[in-house]
Amino acid sequence: QVQLVESGGGLVQAGGSLRLSCAASGRTFSSYDMGWFRQAPGKEREFVAAITRSGGTTYLSDSVKGRFTIARDNAKSTVYLQMNSLKPEDTAVYYCAANAGPGNPTSSNKYDYWGQGTQVTVSS
C-alpha cells in the first residue's frame, strides 16, 4: 500500500500560480504511475495530469495544457503539479492518486490509492 498526502492548495487570484505537492509513503514510490484529478462542486471528478513511473511520459488534459506541468522526484517520493495562469474555472479540490498496474493513465478507475485532497480556489 501507499499513503498519499497533498499540500500546496490555497486561494490565489486569476493569473496567479500554485504548486501542489503529493508526498507518498509506504511501498516504493517509483513503482507507481501518478495522477492528479480535480473535482469542483456539483461536478464529476476529472483528469488533470499524469506521469509514468520513471517520469518519462506525461499526460495533460486539454483544459490545462500550456498552463500546468506535472513532475516527480522519486528520491523524495513526491509528485508535483505546477499550475500557472490560473483561472476561476480551475477552482476545485485537487487529488493525487497512485497506481501500480497497467491501463489508461487518464482514467480515475485505473488508480488504487488516493490522497485526501487539497482545495484550490481561484478568484476573479
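The notes below deal with the structure included here.

1. Brief notes about the environment of Gly55
Relative to the assigned elements, Gly55 resides in the loop between strand E5 (46-51) and strand E6 (58-60). The class for Gly55 is partly exposed, based on a relative accessible area of 27%. Sequence separation between Gly55 and Arg67 is 12 residues, and the spatial gap between their C-alpha atoms is 19 Å.

2. Notes on the side chain of Thr118
Along the chain, Thr118 falls in strand E11 (residues 118-123). Polar side-chain contacts of Thr118 include one of 3.3 Å to the backbone nitrogen of Gly9. If near-sequence neighbours (up to four positions away) are discounted, Thr118 is found in contact with Glu6, Ser7, Gly8, Gly9, Leu20, Ala92, Val93 and Tyr94.

3. Points about the state of the cysteines
The tally for this structure, following the rule as stated, stands at one disulfide. Here Cys22 connects covalently by a disulfide to Cys96, the sulfurs 1.9 Å from one another. Taking the torsion about the sulfur-sulfur bond, which here is approximately 40 degrees, the covalent link between Cys22 and Cys96 counts as right-handed. Linking Cys22 in strand E3 (residues 18-26) with Cys96 in strand E9 (residues 92-99), this pair joins segments that are 74 residues apart in sequence. When sorted by exposure, Cys22 lands in the same class as Cys96, which is buried.

Criteria and cut-off values
- Residues numbered from 1 in each chain as written.
- Predicted model: local features only at pLDDT ≥ 70, side-chain atom pairs only at ≥ 80, totals over all residues.
- Heavy atoms only, no water.
- Helix = DSSP H or I, 4+ residues; strand = E, 2+ residues; numbered from the N terminus.
- Buried < 20%, exposed > 50% of the residue type's maximum accessible area, 1.4 Å probe, protein only.
- Polar contact = N/O pair within 3.5 Å; in protein donor to acceptor, adjacent residues only side chain to side chain.
- Contact = heavy atoms within 4.5 Å.
- Disulfide = S-S within 2.5 Å.

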